[in-house]
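Summary of structural features
Listed below, chain by chain, are the residues.
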Amino acid sequence: MTALIEVENYTWQYLNAPQVSLNAIDLRIEEGTFVGIIGPNGAGKTTLAYSLDGLIPGQYRGIKHGTVKIRGREVEEYPRGQLQQKVGLVFSDPEAQFTAMTVEDELVFGMENLGMTIPEIRERLEWVTELTELTPLLFKPPYEISGGQKQRVALAAVLAMTPEVLILDEPTSMLDPVSRKRVFDVLAKLKQSKNTVIVIEHSLENLIPLADRMLLLSQGELLLDAETRAFFQHMDLLLEKGISPPGAMRFFHEMAKTGRYAGELPLSVDESLAKLETLVASRRTANGEMA
Amino acid sequence: MNKTLLGYVPAESPIYSIHPFVKLYFLLVVSLFPMFISSPEINLLITVVVLALMVYSKVDLRILRIYIPVAISMGWVILLSYTVLGGEHPEYELLYRVLGVNFYWERIRDAVVVYCRILPMIATMVFFLTTSRERDVIVAMRTMRTPFVVTYVFAMALRASGMVLEDFQIVRQAEQARGFDTAGKSIAYKIRKYIMYMIPLFALSLRRTEEFTNALVARGYAFTGEAARVKRADYILTHYHFRFSDGVLVAIISGLFLVLLVMRYAQGKFSVEASWVLNWLYQVFS
């Protein structure tokens, strides 16, 4: 697969910051991959997202080493407006990213900036409102809708620009579980249509079923980069870094530690149930044989 | 009613079928009418007409209650400025002298004229705010070919003012939760302690500015440079069509303005001398 994003030996330190925010990051993300990024607060996750979108170094002052390339070209080399056609970024606070007076204005704003024609805008608007189920809200002011709806509007506004890679920086951190699920439902649709998506998220229950690959950042270092199943086999490291994996996964990890389970940790509740049933059945068989 | 950043607008109104440009044109032109009219009765008549338009537009007139204290305060300020603080004018006709203060007829007359000029202006502005959603204002400005950057800055200012108000509530509630509350305290205390709200509000606003800028950049917007030179389609305007009836309304407003100018300057109408209200007031005072 083609590498859409290539980060090589990338270090970033904000001006006047006592230490680097990202340190010697090497990362390669192929087209069509769904990547999850996790890590404790201050790990450098948002800095990495901003670096991929060109907000760093464009909007922030600091010291940069190494390279961040999108489609083989350094982010700084893109004229403003062109990089945003390749990389779309959704911020964690939906309230702060609205720039217009109605949901519809918000959705078309980015497309107008890219110089799209009215028919193109109309077509994409129809597609994105259907995808994110926002049609009934089109003429409402963004400040009148709920938090979950706001985040879907923010997501739709970026999606409408059809970027090649979509980055979401803790998109559900301010949402209730129902709204969170609706945002992830949209992301599931994007995964089905083979979009390249990078999600920074603490809510692992929703992220794990979608992620092809997971990254662990801690204190500016990329500590772990692996395919999702392999990633969660490093449970001790994850727990040490303050990551809180889903309960079912932790249950099997505890079982493994006490020697009552050997094998890969399950990624979902369904998988856990299946493994548990197999485990119980094998125990019964073993007990039956012994008896 | 629906809430907007500008106030409250009716959920349904016949005025929504009118192009936003016509409403803005009405505001801009009709607000000028009182400048050319000295007769208080004509200005009061304009006020009544604008209020009637509000009724026709299904505006809840209870909304006017918030403007009444402003109108009364303004009236007193104008009256005091022209009379008590109006100074010595030997050339004017002295009506009374109370506690060393001279009350001249011309100064009282001017205060009434100025106040009656302001009332229709306020009514016109209220009419506009209670019948226009934020988007209408932007559409009207863009229809007038106002540069995008200007309309956008205006929209951002509206948006930002709403956010500052929301942030102010957050700061106030957070401080109340920690035992800081100015409710029931004296005005002097409130003013002194207002800084307790202003510092966090200022810090929040700075953060919002950064987030807002990032959001604009992430959407490919730029005020200057190559990106700013992209030929923009204006999608919002495709929802609005300037119909024949809108043209007729613009023509009527323009025509009325022209008639007003002719009557004022060619025929000498609407002057203080021609006002029966002022003549009646003169008889009352003298």
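The structure presented is a predicted model; accordingly, all values stated were derived computationally and were not measured.

What counts and how
- Each chain carries its own residue numbering, running from 1 in the direction its sequence is written.
- Naming scheme: in the order in which they are written, chains are lettered from A and ligands are numbered from 1.
- Since the coordinates come from a predicted model, pLDDT governs what is reported: local features require at least 70, and pairs of side-chain atoms require 80 or more to be given and counted, while whole-chain, interface and lining totals use all residues.
- Helix and strand labels come from DSSP, where a helix needs a run of H or I of at least four residues and a strand needs a run of E of at least two; each type is numbered from the N terminus.
- Note on method: radius of gyration uses C-alpha positions; expected globular size equals 2.2 Å times residues raised to 0.38.
- As a rule, residues whose C-beta atom has 12 or fewer other C-beta atoms within 10 Å are exposed, those with 20 or more are buried, and those in between are partly exposed; C-beta atoms are placed from the backbone.
- In this description, any two residues whose backbone-derived C-beta atoms lie within 7 Å of each other are considered to be in contact.
- Only when DSSP finds a minimum of two bridges between them are two strands counted as paired.
- Angles shown run from 0 to 180 degrees and are taken between the N-to-C directions of axes, each axis being a line fitted to C-alpha atoms and, for helices, limited to the stretch in contact.
- Basically, the charged four are Asp, Glu, Lys and Arg, the nonpolar ten are Ala, Val, Leu, Ile, Met, Phe, Trp, Tyr, Cys and Pro, and anything else, Gly included, counts as polar.
- For the purposes of this description, domain bounds are those given by an automatic or database domain assignment.
- Angles below 35 degrees are treated as roughly parallel, those above 145 as roughly antiparallel, those between 65 and 115 as roughly perpendicular, and all remaining angles as oblique.
- For this entry, the nonpolar core is defined as buried Ala, Val, Leu, Ile, Met, Phe, Trp, Tyr and Cys residues connected by C-beta atoms within 7 Å.

Moving on, we get to the overall build of chain A. When helices and strands are counted, chain A shows 12 helices and 10 strands. Taking 2.2 N^0.38 as the reference for a compact globule, 291 residues should give roughly 19 Å; the C-alpha atoms of chain A span a radius of gyration of 21 Å, in line with that estimate. Overall size of chain A, expressed as C-alpha extent along the three principal axes, is 75 × 45 × 35 Å. Taken across its 291 residues, chain A has 45% of its residues classed as buried.

Check the secondary structure of chain B and you find 10 helices and 4 strands. Along chain B, from the amino end to the carboxyl end, the secondary structure elements read β-β-α-α-α-β-β-α-α-α-α-α-α-α. For chain B, the C-alpha atoms occupy an extent of roughly 70 × 60 × 40 Å along the three principal directions. Sorting the 286 residues of chain B into buried and exposed places 25% on the buried side. If you take every contact in chain B between residues at least 6 apart in sequence, the share linking residues at least 24 apart comes to 78%.

The next subject is the sheet that holds strand β7 (residues 165–169) of chain A. Residue and element names in this part refer to chain A. Pairing is mixed in the open sheet, where 6 strands are placed in the order β6-β7-β8-β3-β9-β10. In this open sheet, the two strands that pair with only one neighbour each are β6 (87–90) and β10 (221–227). For this sheet, the mean angle separating the axes of adjacent strands, direction not counted, is 15 degrees. The sheet contact formed by strand β9 (residues 213–218) and β10 spans 6 bridges and is antiparallel. Opposite Ser-218, over in β10, you have Glu-221 as the bridge partner.

What follows concerns the interface of chain A and chain B. How big an interface is tends to be reported as the loss of accessible area on association of its parts. In this complex, chain A contributes 34 residues to the contact, which on the side of chain B involves 31 residues. Within the residue set of the side of chain A that touches chain B, elements represented by two or more residues are α2 (55–58), α4 (103–113) and α5 (118–132) of chain A. Counting residues per element, the side of chain A that touches chain B draws most heavily on α4(A), at 6 residues. A per-class count over the side of chain A that touches chain B returns 18 nonpolar, 11 polar and 5 charged.

Below, the discussion takes up the environment of B:Ser57. Residues and elements named next belong to chain B. Tracing the backbone through its elements, the reader meets Ser-57 in the loop between α2 (40–56) and α3 (68–82). Linking Ser-57 and Pro-10, residues 47 residues apart in sequence, is a C-alpha distance of 8.0 Å. Among all residues touching Ser-57, those that are not within four sequence positions of it are Pro-10, Ser-13, Pro-14, Ile-15 and Thr-131.

This next bit is on the pairing of strand β4 (residues 101–104) of chain B. Residue and element names in this part refer to chain B. Pairing geometry for strand β3 (residues 94–98) and β4, over 4 bridges, is antiparallel. Opposite Leu-94, over in β4, you have Tyr-104 as the bridge partner. Count of turn residues in the β3/β4 antiparallel hairpin: 2 residues, of which Leu-99 carries a positive phi of about 50 degrees.

Before going further, it helps to spend a moment on α4(A). Most of α4(A) sits inside the fold, with 11 of its 11 residues counted as buried. Within α4(A) the residues assigned to the buried category are A:Val103, A:Glu104, A:Asp105, A:Glu106, A:Leu107, A:Val108, A:Phe109, A:Gly110, A:Met111, A:Glu112 and A:Asn113. On the buried face of α4(A), the contacting elements are α5 and α6 (147–159) of chain A together with α5 (134–143) of chain B. Looking one or two residues beyond α4(A), the residue adopting positive phi is A:Gly115, at roughly 80 degrees.

Attention shifts here to the domain arrangement of chain A. Residues and elements named next belong to chain A. For chain A, the domain assignment lists domain 1 (3–245) and domain 2 (246–291). For domain 1 and domain 2, the distance between their C-alpha centroids amounts to 35 Å. Taken together, the contacts link 10 residues of domain 1 with 8 residues of domain 2. The residue makeup of the side of domain 1 that touches domain 2, split by class, is 6 nonpolar, 2 polar and 2 charged.

So, on to the packing of helix α1 (residues 20–30) of chain B against α5(B). Residues and elements named next belong to chain B. It is the contact of α1 with α5, at a shortest axis distance of 8 Å, that shows an interaxial angle of 85 degrees. By the angle between their directions, the pair α1 and α5 is classed as roughly perpendicular. Touching Pro-20, Phe-21, Lys-23 and Leu-24 of α1 are Asp-136, Val-139, Ala-140 and Thr-143, all from α5. Here the contact of α1 with α5 is composed, by residue class, of 5 nonpolar, 1 polar and 2 charged.

A few words now on the nonpolar core. Grouped burial of nonpolar side chains is what soluble globular proteins tend to show. In terms of nonpolar packing, the biggest core is built from 119 residues, with A:Ala156, A:Val158, A:Ala160 and A:Ile167 touching the most fellow members. The greatest single-element share of this core, amounting to 9 residues, is contributed by helix α4 (residues 105–129) of chain B.

Residues and elements named next belong to chain A. As summarised here, the arrangement of the 4 strands in space is β2-β1-β4-β5, forming an open sheet in which the pairing is antiparallel. One side of each edge strand has no neighbouring strand; the edge strands of this open sheet are β2 (22–30) and β5 (73–74). One ladder, built from 2 bridges, connects strand β4 (residues 62–70) with β5; its direction is antiparallel. By the bridge assignment for β5, Lys-69 is matched with Glu-74.

What follows concerns unusual backbone geometry. Here A:Ile56 and A:Pro57 are connected by a cis peptide whose omega angle stands at 10 degrees. Its identity is not glycine, yet A:Asn9 carries a phi of approximately 45 degrees, on the positive side. Within the secondary structure, A:Asn9 is located in strand β1 (residues 3–14). Look at B:Lys58: it is not a glycine, yet its phi comes out positive at around 65 degrees.

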